Amino acid sequence: MKTTGCGPVEELPPREGARRGLLRRAKSLVTVGAALALAVAGLAMSPPAAHAAAPTVVSLTFDDGHADQLAAAQTMNSLGLKGTFFVTSGVVNTPNYFTLAQVQALAAAGHEIGGHTVTHPDLTTLPSDEATRQVCNDRVNLSNWGFRVTSFAHPFAAANASTEAIVRNCGYNSARGLGDIRTRFSCGTCAVGESMPPADPYYTAAPDQVENTWTLADLQRSVTQAENGAGGWVQLTFHHIANNPSDSITISPTLFNQFANWLKTRPATTTVKTVDQVIGGTVKPLVSGPAVPPPGTGNLVKNPGFETLTNGAPQCWQQGGYGTNTPTFSTVNQGRTGRGAQVVMRSYANGDAKWLPSLDLGGCSPAGTAGHSYNLGMWYKSTVPTQFALYYRSGIGSWTYWTSSPWFAAAATFQKASWTTPALPAGASGISFGLNIFNNGTLVTDDAEMFDAAATPPPPPPAAGANLVQNAGLETAGTGTLPQCWQTAGFGTNTPTYATLATGAHSGTKAVRLVMSNYSNGDSKLLPSLDAGSCAPPAIAGKTYSLRAWYTSTATTQFAVYYRNSAGTWVYWTSSPWLAPAATYTQASFTTPALPAGATAISFGLNLFSNGTLITDDYAMYDTVGAPAL
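Residues numbered from 1 in each chain as written. Predicted model: local features only at pLDDT ≥ 70, side-chain atom pairs only at ≥ 80, totals over all residues. Heavy atoms only, no water.

J.: I tried to follow the sheet that holds strand 24 (residues 511-517) on my own but got confused; where do I start?
T.: Sheet strands associate in pairs through backbone hydrogen bonding, adopting either a parallel or an antiparallel arrangement. What the five strands build is an open sheet, ordered 23-24-31-26-29; its pairing is antiparallel. In this open sheet, the two edge strands, each paired with only one partner strand, are strand 23 (495-501) and strand 29 (582-591). On average, adjacent strands in this sheet sit at an angle of 25 degrees to one another, irrespective of strand direction. Sheet analysis places strand 23 next to strand 24, joined by seven bridges and oriented antiparallel. (Pairing = 2+ DSSP bridges. Helix = DSSP H or I, 4+ residues; strand = E, 2+ residues; numbered from the N terminus. Axes fitted to C-alpha atoms, helices over the stretch in contact; angles between N-to-C directions.)

So, in C-alpha cells, the structure goes:
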C-alpha cells in the first residue's frame, strides 16, 4: 500500500516519524499444535520430517542520514554485514546528520548509499517539476560525491504512478515502500517476504519501519516467518540507533547489536544483502531535474490561501516544528477567505509548531535573492501570541533556520501579521516562513504573502476621512482583559490597574478604566497595539494626523504618541498639551507634527501621570486632510 510511512516531527529538515496512513492492522493468529497419540493397530504417529528453511534475503536499510546510525554501521562492520543507507543529500554536513566524510566512510566499508530526495518532501503533494528535481538532483548530488547510486526510498512511503515514473526516469533501479510485509503490528494478511525480483521494483514491499515498540523477538520474527514460509526478501527500515526511548522511531544500540549478532548466525539459506545486490542492474546515466524558475513579481507564495489540496493536504505547504509538544495540524473551512490552516497545540513543554511553504528546491518555496529584504504578511487568529519563524535555502538544497519576528498578540478575530525581513544572507536562494504556536492553544492562519521589499506595491490609501484606529470603540474583546488590538504601556514608579467596563461607555457597551495608585513618577496609558501588523494605525511620513478620544478623569491627562520606524521599531515621538480633568465625557484632540521620514504607523493614548482614575472610549485618528470636524 502506498499511504504508509513516516512523518515530520522535528525541526529542519523534517525527518521521518511515526505517522502512518491506512495500515492494515495485523490480527493476532494463534495456532495450537498438539501431539496426538494414535493407538491405531498399536501404531503411534511418526515425528514429521524436518522442514528446511526457505531461501530468505534480509536487507538492513537506514533512512534520512541520521548521525546516530553510525552505531549500527560499527556493529555491521564488526560482523561483516552490509547495509543500505538512504541519504537525504540536502542535510549532509548539517547538525545531527552525516558529514560527507562519514558517508564516504560508509561506502568505503562496503555499505550502499541510496537516494531519499534532497529535502525529504512527500513527493505526491508536489508539482511534477519539483518532484522531479527532488529525485533526480538528489541522485546527481550523491553521484557527484563519488557514490554508486541505484536504489531509492520514497519519503513517508508516499508514492503513486506519477512519482514511481519520476524515480524510474531519474535513473534508479528500485524504490522501497513500507507497510506491505506482515508484522505483529499490521498487515496480518500480507506476504512474509517480497518476491525476487519484485513485481513492482519502484515500490518494493517492506515491513513497517522499526519503532521503539519492536522487540528482539519482533525483529527475529520478521526473518523466521519468511524462513518458515515462502521465503523472499525482507527489508527492515531503521531511523535512529540511540538510547532515546521517548522517540518513537528510535531503537537502542543494544537491541540492534543483539539482532545483528543473531542474524549473523542464521543458516546458509538466509543471507544479508544490500538493496542493490538484490535488485542488480547497471548504473544508469545521471538526469538533472528541471531548472528552478527565476524569482517572479508580485506575491511569491504559492497556494497562499491553502485552497488547493493534494491528497487532503494543502499543496506546497508542510508541517514543521521541534521540541517537546503535541501539535495537531489540519485545514479548516473557517479561514479568513475560504480555507485556513490550523495548529492545535497540547502538552506543550518547549519548541513550536507551524505550517510552512514546503522546504523544497523552488517549486513551492518562495524564491529569494541574497541581499534583498522581503515584506511578509499572513492573516491569523490565535488564542496565544504568535510570531514568524523564517528559514532560508542555500547550496544544493540545505535549509537553515534564519530568524524570527517580534511577537504578535493573540487575536479573537482575523488580524494581519506583517514584518520586513533583514537582508537575505549571501548564498541563499529561497525563503520559507510561517506563523508559529509556542504554547498550548489554537492558531489559524490564512492568506500568506511575501513581496520583495524593493517592489512591494504600496497599500491602497485609506478613504478620505477614514478612522485609522482598529476596534476604536473598544467593543471587540481580545484575549485576556483588554480589547482586541489594544495594550497597556507605561514607565516609572507607580501602580496602574486596568479594567474593561461593561457599563458607563461613551458609546456602545465598553470602555476602559485606568486607576493609578502609589504614584511616584512616570505614567501609564492604553494604546493601540505596538505591533508590526494591522492593529497599529497605518500612517505616511510627512503627513499630519488628528488624534481624538473621549475621556473622564479625576486628574490631568495628555496624549502620548509613538511611531514605528523603517526598521519596525517603536519609538516615543511626542506628547500633546495637558488636558484638564473632566467629570463627564469630554473629547480630547491633538494634531500631530509631520510624521518623521521612514515612519509607517502611529500609536497614541491618553495617560495618567498622577494618582487618579481615567476612563477612555471612542478613539480616532484621521489624516488631517479630509478629517471630519470635531
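Right, picking up where we left off after that structure.
J.: What should I look at first to understand the sheet that holds strand 14 (residues 340-346) in this one?
T.: Read from one edge to the other, the open sheet built from five strands follows the order 13-14-21-16-19, with strand pairing classed as antiparallel. Every other strand in the sheet has two partners, leaving strand 13 (326-332) and strand 19 (411-420) as the edge strands with one partner each. Taken pair by pair, the neighbouring strands of this sheet meet at an average axis angle of 25 degrees, ignoring direction. Relative to strand 21 (residues 441-452), strand 14 is paired through five bridges, and the arrangement is antiparallel. Residue pairing in the sheet places valine 344 in a bridge with threonine 442 of strand 21.

J.: What's the story with helix 5 (residues 216-227) in this structure? I'm lost.
T.: For an α-helix the count is 3.6 residues per turn, leaving residues at separations of three or four pointing the same way. Taking 1.5 Å of rise per residue, the 12 residues of helix 5 would be expected to cover 16 Å, and the 17 Å separating its terminal C-alpha atoms lies within 8% of that figure. Buried residues in helix 5 make contact with strand 1 (56-64), strand 6 (232-238), helix 6 (253-264) and strand 9 (270-272). (Expected span 1.5 Å × (residues − 1). Contact = heavy atoms within 4.5 Å.)

J.: Teacher, can you tell me more about the nonpolar core here?
T.: Soluble globular proteins tend to bury their nonpolar side chains together. In this structure, Leu60, Phe85, Leu236, Phe238 and Phe256 are the most contacted members of the largest nonpolar core, which totals 51 residues. At six residues, the largest contribution of residues to this core is made by helix 6. What phenylalanine 238 contacts, discounting residues up to four positions off in sequence, is Leu60, Thr61, Phe62, Asp63, Gln69, Val210, Leu219, Ile251 and Phe256. In this structure, Val512, Ala555, Phe559 and Leu595 belong to the second largest nonpolar core, which totals 36 residues. (Core = buried A, V, L, I, M, F, W, Y, C linked by side-chain atoms within 4.5 Å. Buried < 20%, exposed > 50% of the residue type's maximum accessible area, 1.4 Å probe, protein only.)

J.: I tried to follow the packing of helix 5 against helix 6 on my own but got confused; where do I start?
T.: To characterise two packed helices, one gives the angle between the axes of the helices and the distance between these axes. Interaxial distance between helix 5 and helix 6 falls to 9 Å at its minimum, and their mutual angle equals 30 degrees. Between helix 5 and helix 6, the crossing angle belongs to the class labelled roughly parallel. Seen along the crossing, helix 5 lies across helix 6 with a hand that is right-handed. Counting all contacts with helix 5, which are made through Leu216, Leu219, Gln220, Val223 and Thr224, the residues of helix 6 involved are Leu255, Gln258, Phe259, Trp262 and Leu263. When the residues that make up the contact of helix 5 with helix 6 are grouped by side-chain class, the tally is seven nonpolar, three polar and no charged. (Parallel < 35°, antiparallel > 145°, perpendicular 65-115°, else oblique. Left-handed = near helix turned anticlockwise from the far one by under 90°. Nonpolar A, V, L, I, M, F, W, Y, C, P; charged D, E, K, R; others polar.)

J.: Looking at this model, I keep getting lost on the environment of leucine 79. Mind explaining?
T.: Residue position: leucine 79 is located in helix 1 (residues 70-79). C-alpha of leucine 79 to C-alpha of glycine 312: the two residues are 233 residues apart in sequence and 45 Å apart in space. Every residue in contact with leucine 79, bar those within four places of it in the chain, is listed here: Ala260, Asn261 and Lys264.

Shape descriptors only; they carry no functional weight alone.
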